[in-house]
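# Topology and contacts: notes
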Amino acid sequence: MLDIMLPHYGDVELLKLAVNSVIAQTDDRWQLTVLDDSTAEGVPEWFAALGHPRVRYRRNPENLGVTGNFQQCVDLATEPFMVIMGCDDVMLPNYVATVHGLVDAHPEAVLIQPGVEVIDARGEVVRTLADSTKRRVYAPKIDGTVVMAGEELAVSLLRGNWLYFPSLCWRTSEIKAVGFDPSLKVIQDLALILELVTRGGTLVATDELAFRYRRHGSSLSSSSAVTGGRFSEARDFFLAAAARMDAHGWRRAGRAARWHLSSRIHALTMLPAAAKQRSGSSVGVLTKYALGR
């Protein structure tokens, strides 16, 4: 059985699409828990009418925020493997079957990355510069299935995080042992993944397409990138990560963290949008981050 945890804090219609994509799985070894951090009207009633035996709905009595709701997903998971699905993303019908197959073939796996395609706000498949760069420059060449671990994996992710967090399947016991850093608002996924890697965790990635990741400008990560907030957090994170990698004896990973090249390039790409908004402070933050040491 796979625990699919779905923290909600956004568009209700996209939430319904996400839930229906889970129900449409060809493999029924799943249970879905929706943790609603919003106050949108009609949502509890929609789930009550849905009446699906493997779908559970819970509205948070108070807003926990993104990281808090992520951690609640971890705390409530009971099955050996779990997913923290994006509330605006879509599982293709083969997702559950794909990850179960990879778990069977690689019982040592701590993280599983299925094949992902990117869609826009309207649900159309798109090829963005960020995602093309991920695949062509930072991601390893995946032909079938690849297994990665140790410093090789840490270096790869610190050069450019090519994983798609909402599509990942996690070994529940490992993610519970680490948890999300409550001080982080945007880069908490990479922090958690790197901690699992230093604990000896193995990543299994496949090119079998099983998930649709929605990328649009209204997300927290996108808006914070334009204002520069994302990069203020990232600067402190990468400095701390470099020190942790060095202490772990992974010198190449420490150097990759200090350079954090893909993050710097991302900051440069945000400069035109910040300038268009006439935000001098944001332009300054982005420029210093991208070009500073």
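Below is a summary of the structure that appears in this document. (Residues numbered from 1 in each chain as written. Predicted model: local features only at pLDDT ≥ 70, side-chain atom pairs only at ≥ 80, totals over all residues. Heavy atoms only, no water.)

## Examining the overall build of the chain
What counts, and what does not: To qualify as a helix, a DSSP run of H or I must reach at least 4 residues; to qualify as a strand, a run of E must reach at least 2; elements of each kind are numbered from the N terminus. Buried means the residue's accessible area, taken with a 1.4 Å probe over protein chains only, is under 20% of the maximum for its type, while exposed means over 50%, and partly exposed covers the values in between. Between two residues, a contact is recorded if the distance between any of their heavy atoms is within 4.5 Å. Note on areas: Shrake-Rupley with a 1.4 Å probe; residue coverage comes only from the protein chains shown.
Within the chain, the secondary structure is distributed over 13 helices and nine strands. Expressed as a percentage of its 293 residues, the buried residues of the chain come to 51%. In the chain, once contacts between residues fewer than 6 apart in sequence are set aside, the share between residues at least 24 apart is 77%. If you sum the accessible surface of the chain, you get close to 13500 Å²; carbon and sulfur atoms cover 54% of it.

## Topic: the nonpolar core
Going by this rule: The term nonpolar core refers to a set of buried residues drawn from Ala, Val, Leu, Ile, Met, Phe, Trp, Tyr and Cys, joined through side-chain atoms within 4.5 Å.
Met 82, Ile 84, Leu 158 and Trp 170 are the most contacted members of the largest nonpolar core, which has 44 residues in total. Sorting the residues of this core by element identifies α3 (65–76), β4 (81–84), α6 (150–159), α8 (188–198), α10 (229–247) and α11 (251–259) as the ones contributing at least two each. The element that contributes the greatest number of residues to this core is α8, accounting for seven residues. Beyond its immediate chain neighbours, meaning those up to four positions away, Trp 170 contacts Pro 80, Phe 81, Met 82, Val 83, Ile 84, Val 110, Leu 111, Phe 165, Ile 175, Leu 192, Ile 193 and Leu 196. If you look at the next biggest cluster of nonpolar residues, it comprises 33 residues, including Leu 2, Met 85, Cys 87 and Val 99.

## Comments concerning the pairing of strand β6 (residues 111–119)
Regular strands have side chains that alternate between both faces of the sheet. Just so we agree on the cut-off: The pairing criterion is simple: DSSP has to find at least two bridges between the two strands.
Taking burial as the measure, the nine residues of β6 include nine buried ones, the bulk of the element. Where β6 meets strand β9 (residues 202–214), eight bridges bridge the pair, whose relative direction is parallel. Residue pairing in the sheet places Glu 117 in a bridge with Arg 212 of β9.

## Some details on the pattern of salt bridges
The following threshold applies: Throughout this description, the term salt bridge denotes a Lys or Arg side-chain nitrogen within 4 Å of a carboxyl oxygen of Asp or Glu.
All told, the structure shown has 10 salt bridges when counted by the stated rule. Arg 258 serves as the salt-bridge partner of Asp 246, at 2.3 Å between the closest nitrogen and oxygen. Here the residue Asp 246 occupies a position in helix α10, and Arg 258 occupies one in helix α11, the gap between them amounting to 12 residues. With relative accessibility at 18%, the residue Asp 246 sits in the buried group. Members of the salt-bridge network, linked through shared partners, are Asp 120, Arg 122 and Glu 124.

## Some words on the packing of α6 against α11
To keep it simple, the criterion reads: Helix axes use the C-alpha atoms of the stretch in contact, all axes being lines fitted to C-alpha atoms, and the angles between their N-to-C directions lie in the range 0 to 180 degrees. Convention used here: angles under 35 degrees read as roughly parallel, angles over 145 as roughly antiparallel, angles from 65 to 115 as roughly perpendicular, and any remaining angle as oblique. Gly counts as polar in this scheme, as do all residues outside two lists: the nonpolar Ala, Val, Leu, Ile, Met, Phe, Trp, Tyr, Cys and Pro, and the charged Asp, Glu, Lys and Arg.
Contact geometry for α6 and α11: axes closest at 8 Å, N-to-C directions at 5°. The orientation of α6 with respect to α11, classified from their angle, is roughly parallel. Between α6 and α11, the residues in contact are Glu 151, Glu 152, Ala 154, Val 155, Leu 158 and Arg 159 and Arg 251, Arg 252, Ala 253, Ala 256 and Ala 257, respectively. The residue inventory of the contact of α6 with α11, partitioned by class, reads six nonpolar, no polar and five charged.

None of this, on its own, says anything about what the molecule does.
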